[in-house]
Number of protein chains: 2
Amino acid sequence: MNTWVTENQTSGLRISFRIREILASEVSEFQRIDIYRTESHGRLMMLDDVVMLTEKDEFLYHEMIAHVPMCVHPDPKRVLVIGGGDGGTIREIARHPEVDEITIVEIDGRVVELSREYLPFVGCGFDDARVQLHVDDGIRFIQDHKDAFDVIFIDSTDPVAFAEGLFHTDFYTNVRDALRENGIMVAQTEFPLLLPDTVREIHTALKQVFPVSRMYTGYVSTYPTGLWSYAFASKGPDPLKDFKPERADRMRGTLKYYSADIHRAAFALPPFIQELV
Amino acid sequence: MNTWVTENQTSGLRISFRIREILASEVSEFQRIDIYRTESHGRLMMLDDVVMLTEKDEFLYHEMIAHVPMCVHPDPKRVLVIGGGDGGTIREIARHPEVDEITIVEIDGRVVELSREYLPFVGCGFDDARVQLHVDDGIRFIQDHKDAFDVIFIDSTDPVAFAEGLFHTDFYTNVRDALRENGIMVAQTEFPLLLPDTVREIHTALKQVFPVSRMYTGYVSTYPTGLWSYAFASKGPDPLKDFKPERADRMRGTLKYYSADIHRAAFALPPFIQELV
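Right, let's walk through the structure included here. These figures come from a predicted structure and were not determined experimentally.

1. Observations concerning the pairing of strand 3 (residues 32–38) of chain A
All names here are of chain A.
Move 1: Counting buried positions along strand 3 yields five of seven residues, so the element is predominantly enclosed.
Move 2: As paired strands, strand 2 (residues 13–27) and strand 3 are joined by seven bridges and run antiparallel to one another. The residue of strand 3 that forms the bridge with Ala24 is Ile35.
Move 3: Where strand 2 folds back onto strand 3 in an antiparallel hairpin, the turn is made up of four residues.
Move 4: As consecutive antiparallel partners, strand 3 and strand 4 (residues 43–47) are separated by four residues, and within that stretch Gly42 has a phi angle of approximately 65°, a positive value.

Pasting the structure below:
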């Protein structure tokens, strides 16, 4: 079958997957949602024609966004995820026995429903008894919560349309105020090789709001350039000095990307990225 | 201009670049050679329709293949590059004042000529007075040289057609015998996420031939999956214990990807790669 789905990653760069089947295709209140079965990457979900995850490589992203802060915070009991409606990030967070409550605020309930139906490898994240799902706007939700969470994850789509407000100083200030003492925020922050200005702006904003602000990187093979960046910002904990490698070690044999060595390596930034932060 | 050039990275995965101009397009004795000016990645060279380098991200590959062994070998005076006819690897090797002679053996003289004409940012590598170019078959060349080089780089195309022999035990044995005491070989060894068997076979072969054999990884945004692997094999030197960070530090301000921190981080392998080696 010579049928291909293509993402225009930038105006000059495309990635295409050979597909075998269209499993779901609809337009929700917020976005276009398409789920495919591909030849080489298992199942694939696209939102507004942008790759969100593939079965083959979603572990690269979800392990790196989840475990870095979870292996640093002294006692992460109450956790909030904004976005992440596919369930992959909460699947990883749930591996940590310290966690009592996982609140997830996803704006588009159809992403959750379709993931649970067609992408069970991530949708299974919602099965954990500690998970509470709110189908709501994360920007509004965070304004209503002060001093409430230990770790907050911004697991968003790209900074356009309804997700655009998730990348600004006002939002980060509300995130900081929603964190308890020792609180940590982690966010996906796009690809430095082709979007250096976006990455620089995000980190400039974070530095104004948080006393500790660092960038780390990880491979995500199906995201633009393969070289993804994440922000680690906190009210105190340092991602290296306060790292608890025993938490990484106890997941050995379960994880495919994250480890204690990878945690430390992820904060080694190449010079061309270092100059952005 | 809505004109695109596409690489079929696997049977199920494609990458495409919007092009503005075709600068060169010919069939040499060995392969098809095409050089484009792209919208987002500057100049692009493809060999047999596979991306070899782009102006935008070639530094990721060339800095990582060149500087890792050059910052480990105790006294790298005589260096050999097999392949690498674009000039990017020798451009990086030439940054090391320890080097007296850089021998490069490229099978296809047209790659060298076209790179010097259309890709001066890498082709400039041939301008260094220490460089001696041999247009010859690397497999044959290495058989005729014993105990001759301190560092040997296998900067080849993928393991198909005339490059296939560069990935086998017989060849690695000849490379070992061409190395002097303390000699180091570095090779590009493809993408572990989608070619785990290839990567495993290469490393199994290397372990049979060399007393020290390690894998490291680096981003190459325009190669398949963005997650590239390299082999470090030696007659003695260890890539971490014998690392000389002062050599990395003296290139600070010049390099965009490699640094002492990146050197160490590159050997931190994710569990899914660790199990291949």
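2. Considerations on the relation of the copies chain A and chain B
Move 1: Mapping chain A onto chain B is achieved by rotating through 180° and translating by 0.0 Å along the same axis, at an RMSD of 0.0 Å. In the structure described here, the two chain copies are related by an operation that fits a two-fold rotation axis.
Move 2: Taken together, the interface assignments show that 100% of the residues at the interface of chain A recur at the interface of chain B, consistent with an identical surface on both copies.

3. With respect to the packing of helix 6 (residues 169–178) of chain B against helix 7 (residues 196–209) of chain B
Residues and elements named next belong to chain B.
Move 1: Interaxial distance between helix 6 and helix 7 falls to 9 Å at its minimum, and their mutual angle equals 40°. Relative to helix 7, helix 6 is oriented oblique. Remark: the crossing between helix 6 and helix 7 carries right-handed chirality. When helix 6 is examined against helix 7, the residues Thr169, Tyr172, Thr173 and Arg176 are found in contact with a partner set consisting of Ala205, Leu206, Gln208 and Val209.
Move 2: A breakdown of the residues in the contact of helix 6 with helix 7 according to their chemical character gives four nonpolar, three polar and one charged.

4. Focus: the environment of Ala163 of chain A
All names here are of chain A.
Move 1: With respect to the helices and strands, the residue Ala163 is situated in the loop between strand 9 (149–155) and helix 6 (169–178).
Move 2: Classification of Ala163 by C-beta neighbours within 10 Å gives buried; the count is 20.
Move 3: For Ala163 and Thr103, which are 60 residues apart along the polypeptide, the C-alpha to C-alpha distance reads 19 Å.
Move 4: The residues contacting Ala163, other than those within four sequence positions of it, are Ser156, Thr157 and Asp158.

The rules behind the values
Residues numbered from 1 in each chain as written. Chains lettered and ligands numbered in written order. Predicted model: local features only at pLDDT ≥ 70, side-chain atom pairs only at ≥ 80, totals over all residues. Buried ≥ 20, exposed ≤ 12 C-beta atoms within 10 Å, placed from the backbone. Helix = DSSP H or I, 4+ residues; strand = E, 2+ residues; numbered from the N terminus. Pairing = 2+ DSSP bridges. Least-squares fit on C-alpha atoms with pLDDT ≥ 70 in both. Contact = placed C-beta atoms within 7 Å. Axes fitted to C-alpha atoms, helices over the stretch in contact; angles between N-to-C directions. Parallel < 35°, antiparallel > 145°, perpendicular 65-115°, else oblique. Left-handed = near helix turned anticlockwise from the far one by under 90°. Nonpolar A, V, L, I, M, F, W, Y, C, P; charged D, E, K, R; others polar.

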